[in-house]
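# Coordinates in review
Here is what each chain is made of, one letter per residue.
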Amino acid sequence: MSIETLLVLLGIGVACSIVGQTLAGYSIGGFFVGTAVGLLGALLGVWIARTFDMPTLFEITAGGFTFPLAWAILGSATLVAALAALGGGKRW
């Protein structure tokens, strides 16, 4: 994996985390903490979609890696909402 591919995938992950936090209506921590939680949620959503063989929706391919945007955003929003329900995060 080249550095350019890594940066592209990281940028896509950050964008998915921002959209996921917006959909959940909560902000977890600052920029870096929110981005990390969003990226973990995006990875969780992609993992669940691939495990249960769900169809890929709105996928982007960068450097041979396929990144399904819909599942990443859904996973990010779900994780942010779950963490906010446990008491962390502030409502927008």
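Use the structure listed above.
The structure reproduced in this document is the subject of the present report. The shown structure was predicted, so the numbers you read here are calculated from the model rather than taken from an experiment. (Residues numbered from 1 in each chain as written. Predicted model: local features only at pLDDT ≥ 70, side-chain atom pairs only at ≥ 80, totals over all residues. Heavy atoms only, no water.)

### Comments concerning the nonpolar core
Formally: Here the nonpolar core consists of buried residues drawn from Ala, Val, Leu, Ile, Met, Phe, Trp, Tyr and Cys, with membership extended through side-chain atoms lying within 4.5 Å. Any residue under 20% of the maximum accessible area for its type is buried, any over 50% is exposed, and the rest in between are partly exposed; the area is computed with a 1.4 Å probe on protein chains only. Only DSSP runs of H or I reaching four residues or more are called helices, and only runs of E reaching two or more are called strands; each is numbered from the N terminus. Throughout, a contact is declared for two residues whenever any of their heavy atoms are within 4.5 Å.
Of all hydrophobic cores here, the largest spans 8 residues; its members are Leu9, Ile12, Cys16, Ala42, Val46, Ala62, Phe67 and Ala72. Taken together, the elements giving at least two residues each to this core come down to helix 1 (3–24) and helix 2 (31–51). For this core, the leading source of residues is helix 1, giving 3 residues. In this structure, Ala62 is in contact with Thr5, Val8 and Leu9, ignoring residues within four places of it in sequence. Ala24, Val37, Val80 and Ala84 belong to the second largest nonpolar core, which has 5 residues in total.

### Topic: the side chain of Ser76
With respect to the helices and strands, the residue Ser76 is situated in helix 3 (residues 69–85). Every residue in contact with Ser76, bar those within four places of it in the chain, is listed here: Cys16, Ser17, Gly20, Gly38, Gly41 and Ala42.

### Some words on the environment of Leu74
Along the chain, Leu74 falls in helix 3. Sequence separation between Leu74 and Val14 is 60 residues, and the spatial gap between their C-alpha atoms is 14 Å.

### Concerning the environment of Ser27
Along the polypeptide, Ser27 turns up in strand 1 (residues 26–27). With 53 residues separating them along the chain, Ser27 and Val80 place their C-alpha atoms 7.7 Å apart.

### As for unusual backbone geometry
Here Asp53, not a glycine, exhibits a phi torsion of approximately 55°, which is positive. One can find Asp53 in the loop between helix 2 and strand 2 (59–62). For Asp53, a relative accessible area of 67% puts it in the exposed group. In the Ramachandran plot, Phe58 falls in the positive-phi region, its phi being about 50° despite a non-glycine side chain. Note that Phe58 resides in the loop between helix 2 and strand 2.

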